[in-house]
Number of protein chains: 2
Amino acid sequence: MISDIMKDYVSKSSIIRAMFEEGKKMASIYGEENVFDYSLGNPNVEPPENIKNSIVEILNSESPNLVHGYMSNSGYDDVRTKIAQNINQKYSLKLTEHNLIMACGAAGGLNIILKTLLNPGDEVVTFAPFFGEYENYAHNFNGKLVVVPSNTDTFEPDLNQLEAKINSKTKAVIINSPNNPTGIVYSEKLIKNLSELLDKKQHEFNTSIYLISDEPYREIVYDGVKVPYILNYYRNSIVGYSYSKSLSLPGERIGYVVCSSEADDFDNIMQALNVANRILGFVNAPSLFQRVIAKCLDAEVDVNIYKKNRDLLYGHLTKIGFSCVKPQGAFYLFPKSLIQDDVEFAKEAKKFNLLIVPGSAFKCPGHFRLSYCISYDKIEKSLESFDKLARKFI
Amino acid sequence: MISDIMKDYVSKSSIIRAMFEEGKKMASIYGEENVFDYSLGNPNVEPPENIKNSIVEILNSESPNLVHGYMSNSGYDDVRTKIAQNINQKYSLKLTEHNLIMACGAAGGLNIILKTLLNPGDEVVTFAPFFGEYENYAHNFNGKLVVVPSNTDTFEPDLNQLEAKINSKTKAVIINSPNNPTGIVYSEKLIKNLSELLDKKQHEFNTSIYLISDEPYREIVYDGVKVPYILNYYRNSIVGYSYSKSLSLPGERIGYVVCSSEADDFDNIMQALNVANRILGFVNAPSLFQRVIAKCLDAEVDVNIYKKNRDLLYGHLTKIGFSCVKPQGAFYLFPKSLIQDDVEFAKEAKKFNLLIVPGSAFKCPGHFRLSYCISYDKIEKSLESFDKLARKFI
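The rules behind the values
Residues numbered from 1 in each chain as written. Chains lettered and ligands numbered in written order. Predicted model: local features only at pLDDT ≥ 70, side-chain atom pairs only at ≥ 80, totals over all residues. Heavy atoms only, no water. UniProt positions renumbered as here; feature names shortened; annotations may be inferred. Pairing = 2+ DSSP bridges. Helix = DSSP H or I, 4+ residues; strand = E, 2+ residues; numbered from the N terminus. Axes fitted to C-alpha atoms, helices over the stretch in contact; angles between N-to-C directions. Contact = heavy atoms within 4.5 Å. Buried < 20%, exposed > 50% of the residue type's maximum accessible area, 1.4 Å probe, protein only. Phe/Tyr/Trp six-rings, centres within 6.5 Å; stacked < 30°, edge-to-face > 60°.

The name given to chain A in an unreviewed UniProt entry is Aminotransferase, with Clostridium tyrobutyricum DIVETGP as the source organism. The UniProt entry for chain A carries the following comment under Sequence similarities (unreviewed entry): "Belongs to the class-I pyridoxal-phosphate-dependent aminotransferase family." According to the UniProt record, the Cofactor (unreviewed entry) comment for chain A reads "pyridoxal 5'-phosphate".

What follows is the structure in structure tokens.
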């Protein structure tokens, strides 16, 4: 009696989320300390202390009906102003509150962006491997996700292949850097080339092609690498930002969408984002956390904890024979699986209490994803399991 | 460049939300104390003190990564268990956490319910006047909203007219009691008759017709009136509950969906609701407030404040010639406008700094809605404006 499309979704569901549930089950059987759950990108680094202090300060000083009440569907004006000023400072831009809509995390943000842009049948292009939800988000609005395979030696997007897939129905290109699941960061040169290509294609087809940057990992970078801000390179730029990882608040569903003032149809886009936030049922980003964020714009989590995890896990896995691109950001490794069938490989890993996600979930079979946002001790303890797993196949 | 459907939405947008923005503008011109904004259902009664205390207690005693982290898309198990027990106590049911999904308010709840149920072209029936968003929510999933007019003398749903509109494509009926915008509460007799009718129609068409109860106002009732709980009367029952009004937390987007264990396809429905929560971009209901709610299950706002407002405003308006059904719940009055053209009437009202919402926004022209969740003093001060408005037309 549920809808046909949901039958389909339920049967294939999210393999990542299924792993997460599986992990909870295994922990209850084997004891939590003996299960190595690398499945979900759930930050283990604590939120900055300033989050708690800000919550208490707000509760003690602001009217509860303001703090917990309705505001514009776009979010509080003062909060958006402060975030705009903060972005301006970091990336030399001239944004105001009119460029921003507070959103329920990047997932909420991407949905209101696609609701705003897509006519049925419109195409959204992204690069494999990619966060599997992009396909569902495009389908929510009767759009079609077009996937460009990447070079699996570097996971750099292949712009020639992208060019071949852009046509008059291409409404948007989604990028995600630092990337889930590979951890790579797109260079400035790549963003420049991508922008030039999209600009050329816009002229060729006389269309607007929006570049959507999904940025939950912007602040999680290592080795001093810089993440270019697309509004500085491309006119039709829209960013979906989330505080889920940058402040370790994934459960709170807080983020924003920012659109370049130079984007085609800018005024309508901002109005439509506002309406989409309302009619999709988000209504507004959670109110208390909007106000908390405004007080924590310069707060950050200790990225060094993730870096140590990366170094330990990357170092060990490559030492024992795994092949893997070294991530410069996010908290994922995306090694090649030791047999071609990555789903089978994940099953094998489970025998050693290792919960890993097959690359197929990211449309890149023959690989697997490890979320190393777990404790250093846990990673250390898990290395023996990886050794055993490797010995079985190498 | 925005999608065609969003062009349409942006142009007609929400008249209620437009009023809210207009109210802010007028307040900056005439001074807040001189604008009588009856437009938005934004509670003015403070949340119970227990909300603040619970937040502080949680922050001081629970791990921040648990409090602000991901959990199952359905929400925390322990929170759902506690809510289920609380519902069981109140309505003599036997629910468990498996009957519940934590949702981003009733708006989020209704969207995941309709995503779960609707195939393109499926029909959802509701009674006018109704919260205008129902139409948008049905359209989000390519469904069609079918509207049954009510008797405007009592605003009781007309079950004969309902019967005539049910066909083999009818997937759901949405009810909303206490009702926005009329404030009426559906009697037990009505719920029984409605249930019998739907049951008969299910047999006739060999279909499942789900009864969806949108319940943000369940706790806001006066004069000792009881609101029947539909799970006690109808097998295919799904409730979308929200704490927005019952605890004055509309900005926090916290509520839940509860489905009867006896509903057709129950297991798939619960799984699909979980998946829908994820893929529509809600991911999960905001985490801190899930935990807060679990500590405030018996908390309540002071409904007497709304009752005093109702008595003052209803008493005065009916005295000076307005015709209005006396509301037994929610915080709205829905009087007849003094001229047939309710949009024109709202414009006239604005000349006296009265912001009211035309009944057309609820598909019931010739009326207007007043949200009396504002301060008693403000209502008192506004009475003179209503007098002037009435004198113009009576």
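Draft legend 1. Focus on the sheet that holds strand β6 (residues 210-215) of chain B. All names here are of chain B. Spatially, the seven strands line up as an open sheet ordered β2-β8-β7-β6-β5-β3-β4, and their pairing is mixed. Strands at the two margins of the open sheet, each flanked by one partner only, are β2 (100-103) and β4 (144-148). Between one strand and the next, the sheet's axes are offset by a mean angle of 20°, whatever the strand orientation. As judged from the five bridges shared by strand β3 (residues 123-127) and β4, these two strands associate in the parallel manner. Residue Val 124 lies in a different strand from β4, and its bridge partner there is Leu 145. The strands touched by helix α10 (residues 266-279) are β2, β6 and β8 (255-259); relative to β2, the strand with the most contacts, the crossing angle is about 20°.

Draft legend 2. Representation of the pairing of strand β12 (residues 368-371) of chain B within the structure. All names here are of chain B. Burial along β12 is two-sided: the residues Phe 368 and Leu 370 and Arg 369 and Ser 371 are all buried. Summarising the sheet, strand β9 (residues 332-333) and β12 pair through two bridges and their orientation is antiparallel. Following the sheet pairing, Leu 333 is matched in β12 by Leu 370. Bridge count between strand β11 (residues 357-358) and β12: two bridges; the pairing is antiparallel.

Draft legend 3. Here's a closer look at the packing of aromatic side chains. Residues and elements named next belong to chain A. Per the counting criterion, the structure on display carries 36 aromatic pairs over all chains. Judged by centre distance (4.2 Å) and plane angle (5°), the ring pair of Tyr 91 and Tyr 229 falls under stacked. A residue pair is termed long-range when its members are at least 10 positions apart, and Tyr 91 in helix α5 (residues 77-91) and Tyr 229 in the loop between β6 (210-215) and β7 (237-242) qualify at 138 residues. Here Tyr 91 falls in the buried class, since its relative accessible area comes to 18%. Here Tyr 229 falls in the buried class, since its relative accessible area comes to 3%. Members of the aromatic cluster, each reached through a chain of ring pairs, are Tyr 38, Phe 322, Phe 345, Phe 368, Phe 386 and Phe 393.

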